[in-house]
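Per-entry structural report
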Amino acid sequence: MGNIINSGLVSYQEPWIYYSNWSDENQLYKIRIDGKQRTKLNNDNSSDINVVGEWIYYRNWSDGFQLYKIRTDGKARTKLNEDNSVFINAYADWIYYCNWNDGFKIYRILSDGTERSKLSDDVTASINAYADWIYYCNWSDGFKLYKIRTDGTERSKLNDDRSGNTNVINDWIYYRNDSDEGKLYKIRTDGTERQVVY
């Protein structure tokens, strides 16, 4: 999920790299890791790219920034919602995202476009869906790190730092700490062992 904090312009699933091609109006392409078989997949200005199995999930800038999916072969392009969707995280059968139309609240929707629901009333950014949790920066509380279950329960605060650009790897959350000159910090997903990385 690390690419999502940088607009999700690139995603990787063996043996392909999927990317938003800046030289072709940010349309979705794929290329093998050996640089061969470069293929255009759509005509949409695409970002927030997630690849899960045979599907690519992305934010379609050409259609109101809404959530779309397309097969990895470029077929079966489908709109999944009517929301301006950002920080898209596809995980298992669900897609989690911030809904710009509803003040950057966290939503989820099944990968077939059904069962859309709001998970939190927090104004959020930099969401990371990992295991059974969503980790995020809570704008409603000074950009502090929070977590919430993927079903919207058990919301809790993890730090008191002004946090940004989060990335969850295994049991650690890495983040930019604007309370300490923008230094790189890490903290356990349970809120313990907070420390400076760089």
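See the structure printed just above.
Here's a quick rundown of the structure. (Residues numbered from 1 in each chain as written. Predicted model: local features only at pLDDT ≥ 70, side-chain atom pairs only at ≥ 80, totals over all residues. Heavy atoms only, no water.)

Let's shift gears to the overall build of the chain. What the chain contains, in helices and strands, is zero helices and 19 strands. Scaling as 2.2 N^0.38, a compact globule of 198 residues should have a C-alpha radius of gyration of about 16 Å, and the chain matches this with 17 Å. When its C-alpha atoms are laid out on the principal axes, the chain stretches across 45 × 35 × 25 Å. By the burial criterion, 48% of the 198 residues in the chain qualify as buried. Across the chain, the fraction of contacts at a sequence separation of at least 24, relative to all contacts at a separation of at least 6, is 26%. (Helix = DSSP H or I, 4+ residues; strand = E, 2+ residues; numbered from the N terminus. Rg over C-alpha atoms; globule rule 2.2 N^0.38 Å. Buried < 20%, exposed > 50% of the residue type's maximum accessible area, 1.4 Å probe, protein only. Contact = heavy atoms within 4.5 Å.)

With that out of the way, let us pick up the sheet that holds strand 5 (residues 55–60). Read across the open sheet, the seven strands follow the order 1-2-3-4-5-6-7; overall the sheet is antiparallel. Each edge of the open sheet carries a strand with a single partner, namely strand 1 (10–13) and strand 7 (78–79). When strand 5 meets strand 6 (residues 66–71), the two strands line up antiparallel, connected through six bridges. Within the sheet, the bridge partner assigned to Tyr58 lies in strand 6 and is Tyr68. (Pairing = 2+ DSSP bridges.)

Moving on: unusual backbone geometry. Residue Pro15 is reached from Glu14 by a cis peptide bond, and omega for that bond is 0°. With respect to the element layout, Pro15 can be found in the loop between strand 1 and strand 2 (16–21). Backbone geometry places Ala76, a non-glycine residue, at a positive phi of 60°. Mapped onto the elements, Ala76 comes out in the loop between strand 6 and strand 7. Unlike most non-glycine residues, Glu193 shows phi in positive territory, near 60°. Exposure remark for Glu193: the relative accessible area of 45% places this residue in the partly exposed category.

Counting buried positions over the six residues of strand 5 gives six, a clear majority of the element. Every second residue of strand 5 is oriented toward a common face, with Trp55, Tyr57 and Arg59 on one face and Ile56, Tyr58 and Asn60 on the other, all of them buried. Taken together, the five bridges between strand 4 (residues 39–52) and strand 5 define a ladder with antiparallel strand orientation. Bridge pairing links Ser46 to Asn60 in strand 5. Following strand 4, the chain reverses through two residues before pairing antiparallel with strand 5; Gly53 in that reversal takes a positive phi of roughly 60°.

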